[in-house]
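# Breakdown of the fold
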Amino acid sequence: MSSEDGSQEPRRDIRTTVEKIRRDITHASKDLASAGKTMVGSTSKFVQDVSPKVSATIDESLERASETFKRTMTTIDKQTKPQQVKLLKAYRLFLSKQVDAVEKRLKKLKE
């Protein structure tokens, strides 16, 4: 009987240890889930607060860029044809550099 008691005790210790580990894992997973929910909630709130401001800023910038483009084209239209060609080529070069800058940023974001 003492040999049975002797073999049961390590098993009991192992079961107790396994149960404690399971409880600890359960608590840890609940903590992680809670932290994840908090993080998602915080991020969502941040996006809701910031997104409209960023969107409005982008809209304003595009509107100003559109107005600048119209003024530039009106100014170019008032020039002689050879001067218009020269100005339009220079303006195209300027715009293509801006497009290149946007392309580079997009490429970096995709990496």
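These remarks concern the structure in this document.

The rules behind each value
- Residues numbered from 1 in each chain as written.
- Predicted model: local features only at pLDDT ≥ 70, side-chain atom pairs only at ≥ 80, totals over all residues.
- Heavy atoms only, no water.
- Helix = DSSP H or I, 4+ residues; strand = E, 2+ residues; numbered from the N terminus.
- Areas by Shrake-Rupley, 256 points an atom, 1.4 Å probe, with all protein chains shown as cover.
- Patch = residues over 30% accessible without salt bridge, like charges linked within 9 Å, V, L, I, M, F, W, Y side chains within 5 Å.
- Salt bridge = Lys/Arg side-chain N within 4 Å of Asp/Glu carboxyl O.
- Lys, Arg positive; Asp, Glu negative; His and termini not counted.
- Charge placed at Lys NZ, Arg CZ, Asp CG, Glu CD.
- Buried < 20%, exposed > 50% of the residue type's maximum accessible area, 1.4 Å probe, protein only.
- Phe/Tyr/Trp six-rings, centres within 6.5 Å; stacked < 30°, edge-to-face > 60°.

## Description of the overall build of the chain
When helices and strands are tallied, the chain shows 2 helices and 0 strands. Carbon and sulfur atoms make up 59% of the accessible area of the chain, which totals about 10200 Å².

## Quick look at the environment of Lys-86
Looking at the element boundaries, Lys-86 is found in helix H2 (residues 81–110). Each C-alpha atom of the pair Lys-86 and Ile-76 lies 9.6 Å from the other, and the pair is 10 residues apart in sequence.

## Digging into a negative patch on the surface
Residues Asp-59, Glu-60, Glu-63 and Glu-67 make up a contiguous surface patch of negative charge. As for its placement among the helices and strands, Glu-60 is situated in helix H1 (residues 2–77). Among the residues examined, Glu-60 registers a relative accessible area of 48% and is labelled partly exposed.

## Some remarks on the packing of aromatic side chains
Tallied over the entire structure, the rule returns 2 aromatic pairs. Consider the rings of Tyr-91 and Phe-94, whose centres lie 6.2 Å apart with planes at 20 degrees: the pair is stacked. Here the residue Tyr-91 and the residue Phe-94 both occupy positions in helix H2, the gap between them amounting to 3 residues, near one helical turn. In this structure Tyr-91 comes out as buried when scored by relative accessible area, which is 16%.

## Focus on a nonpolar patch on the surface
A surface patch of nonpolar side chains, amounting to about 280 Å² of accessible area, comprises Val-54, Ile-58 and Leu-62. Among the structural elements, Leu-62 can be located in helix H1. Given the relative accessible area of 56%, Leu-62 is considered exposed.

Keep in mind these values describe shape, not function.
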